[in-house]
Amino acid sequence: MRNLRGYLGLIALSAALAACGGKKEEAAAPAAEAPAAAAPAADAAAPAAAKIAADDVTTVDGTKFADMKGDAAAGEKIFTQCKTCHVIDAGVNRIGPSLHGIIGRKAGQVAGFSYSSANKESGITWTAEKLYQYLEKPARVVPGTKMAFAGLAKGQDRADVIAYLTSATK
């Protein structure tokens, strides 16, 4: 019985981590975008990525946050895939830290959460523009992050999530 519980716990943990990997994005994405979900495995095999400056907000897809108009209601729906690891309640950490008040906060600063040294030492202050870049491909922006999430490929989805986080945590 003990082995069964351990096995079920391992399955539950695996499911939780898989949810952070863009489960909803994969379901909604066309087949041509599916390789983006496999990016973390390719990144792990690649040489260490060059560190991106804390004030650099360039994206892989070339989009800019300033060119987007975020929709908080749409962002709330997209955020459901993030809820396995994150909540917007102040002081509540899960697998990931609380995202309450993330805009304007320095990276690696939520009390009670154990961040990777890469995150704590990134020098990042989360502006909407930096978060937009990060949500595209977290491991590109903070190499060595513990966040096991492939990213949101669509710029509009990133803008919508930021609109939701901004409106929901005021």
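Residues numbered from 1 in each chain as written. Predicted model: local features only at pLDDT ≥ 70, side-chain atom pairs only at ≥ 80, totals over all residues. Heavy atoms only, no water.

### Topic: the overall build of the protein chain
Part 1 of the argument: Per the secondary structure count, the protein chain includes eight helices and zero strands.
Part 2 of the argument: Written out in order from the N terminus, the α and β elements of the protein chain read α-α-α-α-α-α-α-α.
Part 3 of the argument: Residues classed as buried in the protein chain amount to 36% of the 170 residues present.
Part 4 of the argument: Expressed as a percentage of contacts within the protein chain between residues at least 6 apart in sequence, the contacts between residues at least 24 apart total 61%.
Part 5 of the argument: For the protein chain, the exposed surface amounts to about 9500 Å²; the carbon and sulfur share of it is 60%. (Helix = DSSP H or I, 4+ residues; strand = E, 2+ residues; numbered from the N terminus. Buried < 20%, exposed > 50% of the residue type's maximum accessible area, 1.4 Å probe, protein only. Contact = heavy atoms within 4.5 Å. Areas by Shrake-Rupley, 256 points an atom, 1.4 Å probe, with all protein chains shown as cover.)

### Points about the nonpolar core
Part 1 of the argument: Membership of the largest hydrophobic core comes to 24 residues, with the highest contact counts inside it found for Phe79, Trp126, Leu131, Val161 and Leu165.
Part 2 of the argument: Elements that contribute at least two residues to this core include exactly helix H4 (72–79), helix H6 (128–136) and helix H8 (155–168).
Part 3 of the argument: Among all residues touching Val161, those that are not within four sequence positions of it are Gly75, Ile78, Phe79, Leu135 and Leu152. (Core = buried A, V, L, I, M, F, W, Y, C linked by side-chain atoms within 4.5 Å.)

### Examining the pattern of salt bridges
Part 1 of the argument: In this structure the tally under the stated criterion is one salt bridge.
Part 2 of the argument: Across the pair Asp61 and Arg158 runs a salt bridge whose closest N-O atoms are separated by 3.3 Å. Note that Asp61 is positioned in the loop between helix H3 (39–45) and H4 and Arg158 in helix H8, a separation of 97 residues in sequence.
Part 3 of the argument: Using a relative accessible area of 0% as the deciding quantity, one classes Arg158 as buried. (Salt bridge = Lys/Arg side-chain N within 4 Å of Asp/Glu carboxyl O.)

### What to know about the packing of aromatic side chains
Here a ring pair, both rings aromatic, is described through the centre-centre distance and the interplanar angle of the planes.
Part 1 of the argument: The tally for this structure, following the rule as stated, stands at four aromatic pairs.
Part 2 of the argument: Geometrically, the ring pair formed by Phe79 and Tyr164 is tilted, given 5.3 Å between the ring centres and 45 degrees between the ring planes. Of this pair, Phe79 sits in helix H4 while Tyr164 sits in helix H8, and the two are 85 residues apart along the sequence. By the burial criterion, Phe79 is buried, and Tyr164 matches it.
Part 3 of the argument: Here Arg158 stacks its cationic end above the ring of Tyr132, 4.3 Å away from the centre of that ring. (Phe/Tyr/Trp six-rings, centres within 6.5 Å; stacked < 30°, edge-to-face > 60°. Lys NZ or Arg CZ within 6 Å of the ring centre and 35° of its normal.)

### Topic: the environment of Thr59
Part 1 of the argument: On the secondary structure map, Thr59 appears in the loop between H3 and H4.
Part 2 of the argument: Residues Thr59 and Gly155 lie 96 residues apart in sequence; the distance between their C-alpha atoms is 9.3 Å.
Part 3 of the argument: Discounting chain neighbours no more than four positions away, the residues touching Thr59 are Tyr132, Gln133, Glu136, Arg140 and Arg158.
Part 4 of the argument: Among the polar contacts listed, one links the side chain of Thr59 to the side chain of Asp61, at a separation of 3.0 Å.
Part 5 of the argument: Among the polar contacts listed, one links the side chain of Thr59 to the backbone oxygen of Thr63, at a separation of 2.7 Å. (Polar contact = N/O pair within 3.5 Å; in protein donor to acceptor, adjacent residues only side chain to side chain.)

### Considering H8
Part 1 of the argument: Between its first and last C-alpha, H8 extends 20 Å over 14 residues, near the 20 Å set by a 1.5 Å rise per residue.
Part 2 of the argument: H8 sits mainly inside the fold: ten of its 14 residues count as buried. (Expected span 1.5 Å × (residues − 1).)

### Let's talk about H6
Every α-helix winds through 3.6 residues per turn, so residues three or four apart in the chain are directed the same way.
Part 1 of the argument: By the criterion of burial, H6 is predominantly enclosed, with eight of the nine residues buried.
Part 2 of the argument: The set of residues buried in H6 consists of Ala128, Lys130, Leu131, Tyr132, Gln133, Tyr134, Leu135 and Glu136.
Part 3 of the argument: Contact partners of the buried residues in H6: helix H7 (138–141) and H8.

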